[in-house]
Amino acid sequence: MQFTFARIPAAVPYPPRFRFCRMERIEAMGDQIPSNSQEILSEDALKNYPKPLSPPLPALSQPIELSRAMSASSRSSLFSFSRSDIIFEDQWLMAVNKPAGVYCENVLSSIATLFTNSTQSETGSSSLELHLANRLDRDTSGLMLVTKSHKVAAKLVKAFTEHKVRKTYIAHCVGIAPKWEKITIKSGHGRSKYGVWRVYAASDVGKKLPGGSVVKDMETTIEVLSINGKERSIESSEERVLVVEERSVVGSDTADNSEKDEVLVRARPRSGRTHQIRLHCQYLGISILGDVKYEGVYERKGKIYQGHELHAESISFEHPITGLSVMFRAPLPSWASDQTDTSMNCIPNT
């Protein structure tokens, strides 16, 4: 039986290491603009643009991120997808569990290889047109959706665009233990040309940034599951709402990392912006462990972290063909399951 596959982006087969190095170097530039650029703006001109409210890229992150990218490139090129990584599959789509430290394009190409090498199709279809319905950052583990036809892919893209797909994430953070149990944070999101993603004021949504991009809205609900391994009660229905209009002062203290608390949270993004949860955790003063790009701790209590501890826990949506409501969950990584047990068993309605 012959399979045909949709054209996969140029990153598959996975590009040579130098492409990742170049990408990470560009990101590592932060908000710096090359000295020979003709697009350097005067100080007066910059005053007319929205000001980012989250800090620039830490200098420490540049060499660390470059090293991680090179390691992930090698790891991804050797990655082999297994059927045990499939959480759900029907003739139209599949939900898979992506490991941390692997690029999502390699997951897709590995799935294609798995089906190509299969002696018998379980889909009953003579052709497959594989698409990534959603993407995860390199170091983020957990649920990804892969569709098997252009038609299904288009329907899921529409569902994502219209915010009809609900997702939850688990993040392992470090900072001063928050006084709130649940909070919804609303802000702007964007980046200038040659810049990195930053948090902007909610009132700046729709305004232009240097380079022509526009500040977009960003909203996340975050609830505390445990602090230092002790479960936090989530029975209270009280929920704080934070509309971002100024720089955060949370976590601006100089306390040693070893003195800060470990906070396990569940995040539910209401929008789908790049690095959304990572940015909002940083703004709230509880950066994700290992997330050096957004002030996360790189080394703690003698342990060096090779990536950030963020996991795509669940995804729910209306099946694009059957119309049935479906929800899938990915097994928790050890860093999450070790922190708490009972509060992880129930995913509240979004």
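Residues numbered from 1 in each chain as written. Predicted model: local features only at pLDDT ≥ 70, side-chain atom pairs only at ≥ 80, totals over all residues. Heavy atoms only, no water.

Caption draft 1: Molecular detail of the packing of aromatic side chains. Within this structure, the stated rule accounts for two aromatic pairs. Taking the centre distance of 4.7 Å and the plane angle of 25° together, the rings of F88 and F328 count as stacked. A residue pair is termed long-range when its members are at least 10 positions apart, and F88 in strand β1 (residues 86-89) and F328 in strand β15 (residues 325-329) qualify at 240 residues. A relative accessible area of 26% places F88 in the partly exposed class. Cluster of aromatic residues (ring-pair linked, three or more members): F88, F317 and F328. (Phe/Tyr/Trp six-rings, centres within 6.5 Å; stacked < 30°, edge-to-face > 60°. Helix = DSSP H or I, 4+ residues; strand = E, 2+ residues; numbered from the N terminus. Buried < 20%, exposed > 50% of the residue type's maximum accessible area, 1.4 Å probe, protein only.)

Caption draft 2: How the structure looks around unusual backbone geometry. The residue E295 is not glycine, and still its phi comes out positive at about 65°. Structurally, E295 can be placed in the loop between α6 (276-283) and β12 (299-300). Residue class for E295 comes out partly exposed when judged on its relative accessible area of 46%. Of note, the phi angle at K301 is positive, near 50°, even though the residue is not glycine. Looking at the secondary structure, you find K301 in the loop between β12 and β13 (303-304).

Caption draft 3: The confidence of the model for the chain, seen in detail. Looking at the chain as a whole, the pLDDT averages 82, with 77% of positions reaching at least 70. Of the regions scoring below 50 in pLDDT, residues 1-39 engages in 76 contacts with residues more than four places distant in sequence or in other chains. (pLDDT = per-residue confidence, 0-100. Contact = heavy atoms within 4.5 Å.)

Caption draft 4: A look at helix α5 (residues 150-161). Taking 1.5 Å per residue, 12 residues should reach 16 Å; α5 reaches 16 Å between its end C-alpha atoms and fits that length. Of all the positions in α5, only V152, A153, L156, A159 and F160 are classed as buried. The arc that holds the buried residues of α5, viewed along the axis, is 125°, so those residues lie on one side. Along α5, the residues that are exposed and aim more than 90 degrees away from the buried face are K151 and T161. Turning to α5, the residues buried within the fold contact β2 (93-98), β3 (131-132), β4 (141-147), β5 (166-175) and β14 (310-318). (Expected span 1.5 Å × (residues − 1). Arc of directions from axis to C-beta.)

Caption draft 5: How the structure looks around helix α3 (residues 61-77). A rise of 1.5 Å per residue sets the reference length of α3, with its 17 residues, at 24 Å; its end C-alpha atoms lie 24 Å apart and thus fit the reference within 8%. Taken together, the buried positions of α3 are S61, I64, E65, L66, R68, A69, A72, S73 and S76.

Caption draft 6: The arrangement of the pattern of salt bridges in detail. Across all of its chains, the model carries 16 salt bridges by this definition. In this structure, D204 engages K207 in a salt bridge whose closest nitrogen and oxygen atoms are separated by 3.2 Å. Three or more residues joined by partner-sharing salt bridges are found here, namely E65, R68, R138 and D139. (Salt bridge = Lys/Arg side-chain N within 4 Å of Asp/Glu carboxyl O.)

Caption draft 7: Region of interest: the environment of K51. If you trace the backbone, K51 turns up in the loop between α2 (43-46) and α3. Taking the C-alpha atoms as reference, K51 lies 9.8 Å from R247; in sequence the two are 196 residues apart. Within the structure, the side chain of K51 is placed 3.3 Å from the backbone oxygen of Y49, a separation counted as a polar contact. (Polar contact = N/O pair within 3.5 Å; in protein donor to acceptor, adjacent residues only side chain to side chain.)

Caption draft 8: Geometry of the environment of V205. Inspection of the secondary structure puts V205 in the loop between β7 (198-200) and β8 (216-227). Among the residues examined, V205 registers a relative accessible area of 35% and is labelled partly exposed. For the pair V205 and D217, spaced 12 residues apart in the sequence, the C-alpha separation amounts to 5.8 Å. In contact with V205, other than residues within four places in its own chain, are S187, G188, V215, K216 and D217.

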